[in-house]
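Below are the chains, spelled out letter by letter.
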Amino acid sequence: MRFTARRRMTALLTVTVLSAGACAASNGATAPSAAPGKSGAQPPAAENELIGAAGIGDPDFPADGNGGYDVENYTLKLSYEPSATRLAGTATVRARAIQGLTRFDLDLHGYTVRKVTVDGSPATFARKGDELVIDPASPLVKGAAFTVAVTYDGKPDPVRNSSNLGTYGFIPTKDGAFVTSEPNGAKTWFPCNDHPADKATFDFDVTVPSGLTVVANGEMRGAPVTSGGRSTFSWREAHPMATYLATVTLGKFHVKTGKSASGIPVFAATDPAYAKSLDQLYAISAKVTDYWSTVFGPYPFSSTGGVIDDFSAGYALENQTKPMYGGFQPDQGIVAHELAHQWFGDSVSITRWKDLWLNEGFATYAEWLWTEHTGGQSADKTFRDYYSANDSEMWRYPPGVAQREDLFNNSVYTRGAMTLQALRLKIGDDTFFKLLRTWTDQHKYGGATTTDFITLAGKLSARDLTPLFDAWLFKPTRPTLQ
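As the structure is a prediction and not an experimental result, all values here were calculated from the model.

1. Quick notes on the packing of helix H4 (residues 357-373) against helix H5 (residues 379-387)
Interhelical geometry of H4 versus H5 gives an angle of 130° and a closest axis separation of 8 Å. One way to sum up the angle between H4 and H5 is to call them oblique. Counted together, Tyr365, Trp368, Leu369 and Glu372 of H4 and Ala379, Thr382, Phe383 and Tyr386 of H5 form the full contact between these two elements. Residue composition of the contact of H4 with H5, by class: six nonpolar, one polar and one charged.

Structure, rendered in C-alpha cells:
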C-alpha cells in the first residue's frame, strides 16, 4: 500500500527532509483438538474443542480471521447493480478441517444471509457481529475436505473512518465499485477467513449492467458473456492470494492489454476521467515488472498491470496482479512500490500483522532502488537523509511492533526500509541481493515472519545479525550507525 501526499499529510507521521513511501496455506489458530475415534465422534468433555476459534490467532488483531480450517479456494458468483447499490450472489468456500469441527465461523460484515450449505446439506447459521457462525448438519472430521456455500444479498457497507486509510472494502462509486480491502475489508463483500495467514485461489463470475467492465485478479477465463442487458465477467487467480488482495473493481474503463518486453502479459485499465494516463500506466507497469524480475527473482504471477479508478481513496493498494490507484495518476515511484509488493506481500505474505514491515518496508526500499536505477538519488543517500532527522517520531515507533490503531504508520514504511539499507551496509551487496532473491524463492506463494527473515539473513551472511535487527525493528530509539 502507498499513500498519496494528501493522505500522508493527515494520516502519517512525516519526515521533513523527504516524503515517505506509503503502501503455503496457514495452519491458522485453532482450539486444541482431540484425536477422533473411528466415527469421528469426540467424548463429551471435548465438545468445546470442536468449535473453530472466532479469530485466526493474531495476538494484535484477535478478532480477524477464524480458526479450525484452511481455505483452499473461493468461488464467487456475484451480481452488482450500481443504481441500487445492491450486491447479491453465492460464495462457495472450499476448505479443509485442521481439527474436528461441529461449528466454525466465516467473516462477513452486513448483508442478509439467505442460505448456507455444507457439502450440499443445509446448515444452521447465526450472526454475531461480523461473524457468520455455521453449524454443519454432520461434524467435520480433522483432515476432511469440505465445501461451504453461502447465498447472500444487500447493500455493501465498507469500513469508514479508519485511523490510517479512511474508507476501504467494497466501496460503491458513481458508476460501479472500487474494491480495496487491506487490512480486513474483504468481509465487506464476501464471507471469508479474512486474514493474510490463510491464502487461497479465487474464481470470480461477476454480472453487471452491459457497458460496465469488471476487473478482478488473475486472468479472464474467456470473453464477457452478455445477455438481457447484463454482462458476466469471469476471472481466475490460480495462485494463492490473501483475502485483502482480492478485488472486483467495476465501472466504465478503458483497457489496454499486451505483453512486457520480457513476455509477461500486461492488463491496464483507467476510468474515462484518466484516459490520458492509460498508455503511461501500461508502459511503466510493464517496465517496472521486468526490472524487478531481475532484482527480486522471477515474477511470481501470470500477469501484471494496474487500474486507475475515479474514486479519491488517497492511497494505492497492491491487489494481486492489478494494483489499484484511487483517484490519481501514479508516478513511477508509486508504481514501483505497488509492483514490488507482488513479491513482498502478495507472493510472500505475512502471517501476522506485526510483521507488516516485511511488506511496506520492502516496497518502500524498492522505491529507493527504482529512483537510483532511473538516475536519481541513491538508496544510501535517501537512507542518510532520513537518518539525519534526529527528532523524527519514527525513532519512538519501532516498525516491528504492531500499533493496533496506527497499523500503517510511517515507521513501518520508512524505518522498515532503512532497516534493509542498514542490513545491506552490514552484509554487502552480493549477500544482500542474494538474500532478497532467496527470500522470495523460499517463501513463494506462502507466508513468513520477521523471525524467518532474520534467520535467513544470518544464515546467508554467516553473521549474528540479532543486534542490528533488534535496534532497527524493536527499540524505541534512534539506532547507532555501525
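2. Points about the environment of His109
Its location among the elements puts His109 in the loop between strand S4 (104-107) and strand S5 (112-118). A relative accessible area of 21% means that His109 is categorised as partly exposed. Residues in contact with His109, not counting those within four places in the same chain, are Arg127, Asp130, Asp157, Lys187 and Thr188. Separated by 2.8 Å, the side chains of His109 and Asp130 make a polar contact.

3. Some details on the pairing of strand S7 (residues 124-128)
Sheet analysis places S7 next to strand S8 (residues 131-135), joined by five bridges and oriented antiparallel. For Thr124, the partnering residue across the bridge sits in S8 and is Asp135. Linking two consecutive strands that pair antiparallel, namely S7 and S8, is a turn of two residues; a positive phi of about 65° is found at Gly129 within it.

4. Quick notes on helix H8 (residues 450-461)
For H8, spanning twelve residues, the distance from its first C-alpha to its last is 16 Å, which sits close to the expected 16 Å at 1.5 Å a residue. Of the residues making up H8, those classed as buried are Thr450, Phe453, Leu456, Ala457, Gly458 and Ser461. The elements touched by buried residues of H8 are H4, helix H6 (410-427), helix H7 (429-442) and helix H9 (466-474). Two residues or fewer after H8 comes Ala462, characterised by a positive phi angle close to 55°.

5. Some remarks on the sheet that holds strand S21 (residues 304-309)
Strand order in the open sheet formed by six strands is S1-S22-S23-S21-S20-S19, and the pairing between neighbours is mixed. Strands with a single pairing partner mark the edges of an open sheet, and in this sheet they are strand S1 (2-3) and strand S19 (254-259). Relative to strand S23 (residues 324-326), strand S22 (residues 315-317) is paired through two bridges, and the arrangement is antiparallel. From the neighbouring strand, Ala316 faces S23, where its bridge partner is Tyr325.

6. Let's talk about the sheet that holds S7
Taken in spatial order, the three strands make up an open sheet running S4-S8-S7, and their pairing is antiparallel. Every interior strand has two partners, whereas the edge strands, S4 and S7, have only one. Going from strand to strand, the sheet's axes swing by 25° on average, the running direction of each strand aside. Where S4 meets S8, four bridges bridge the pair, whose relative direction is antiparallel. Across the sheet, the residue bridging to Phe104 is Ile134, located in S8.

7. Observations concerning the nonpolar core
In globular proteins that are soluble, nonpolar side chains generally tend to be buried together. By size, the foremost hydrophobic cluster in this structure holds 137 residues, and its most contacted members are Val148, Trp189, Phe204, Trp292, Phe296 and Phe453. Considering each element in turn, this core owes the most residues, nine residues, to H4. In contact with Phe204, other than residues within four places in its own chain, are Leu76, Trp189, Ala216, Asn217, Arg221, Phe233, Ser234, Trp235, Met241, Ala246, Thr247 and Val248.

8. Some thoughts on unusual backbone geometry
In the segment running from Glu182 into Pro183, the intervening peptide bond is cis, with an omega of 5°. For Pro183, the location among the structural elements is in the loop between strand S12 (177-180) and strand S13 (200-209). A positive phi angle, close to 55°, is found at Asp119, a residue other than glycine. When you line up the elements, Asp119 lands in the loop between S5 and strand S6 (121-122). One non-glycine residue, Asn161, lies in the positive phi region at around 60°.

9. Re the packing of helix H2 (residues 278-295) against helix H3 (residues 332-340)
With their axes 10 Å apart at the nearest point, H2 and H3 run at an angle of 50° to one another. Our classification of the angle between H2 and H3 gives oblique. Handedness of the crossing formed by H2 with H3: right-handed. In this structure, H2 uses Ile284, Ser285, Val288, Thr289 and Trp292 to contact H3, whose residues at the interface are Gln332, Val335, Ala336, Leu339 and Ala340. For the contact of H2 with H3, the per-class residue count stands at seven nonpolar, three polar and no charged.

10. A closer look at the packing of aromatic side chains
According to the stated counting rule, one finds 41 aromatic pairs in the structure shown. Aromatic side chains Tyr111 and Tyr152 sit 5.4 Å apart centroid to centroid with 80° between the ring planes, which places their arrangement in the edge-to-face category. Of this pair, Tyr111 sits in the loop between S4 and S5 while Tyr152 sits in strand S9 (residues 145-154); the two residues are 41 residues apart in sequence, bridging distant segments of the chain. By relative accessible area, Tyr152 is classed as buried at 0%. Taking 5.8 Å as the distance between ring centres and 80° as the angle between the ring planes, the aromatic pair formed by Tyr365 and Phe432 counts as edge-to-face. Of this pair, Tyr365 sits in helix H4 while Phe432 is found in helix H7, placing the two residues 67 residues apart along the sequence.

Calculation criteria
- Residues numbered from 1 in each chain as written.
- Predicted model: local features only at pLDDT ≥ 70, side-chain atom pairs only at ≥ 80, totals over all residues.
- Heavy atoms only, no water.
- Axes fitted to C-alpha atoms, helices over the stretch in contact; angles between N-to-C directions.
- Helix = DSSP H or I, 4+ residues; strand = E, 2+ residues; numbered from the N terminus.
- Parallel < 35°, antiparallel > 145°, perpendicular 65-115°, else oblique.
- Contact = heavy atoms within 4.5 Å.
- Nonpolar A, V, L, I, M, F, W, Y, C, P; charged D, E, K, R; others polar.
- Buried < 20%, exposed > 50% of the residue type's maximum accessible area, 1.4 Å probe, protein only.
- Polar contact = N/O pair within 3.5 Å; in protein donor to acceptor, adjacent residues only side chain to side chain.
- Pairing = 2+ DSSP bridges.
- Expected span 1.5 Å × (residues − 1).
- Core = buried A, V, L, I, M, F, W, Y, C linked by side-chain atoms within 4.5 Å.
- Left-handed = near helix turned anticlockwise from the far one by under 90°.
- Phe/Tyr/Trp six-rings, centres within 6.5 Å; stacked < 30°, edge-to-face > 60°.

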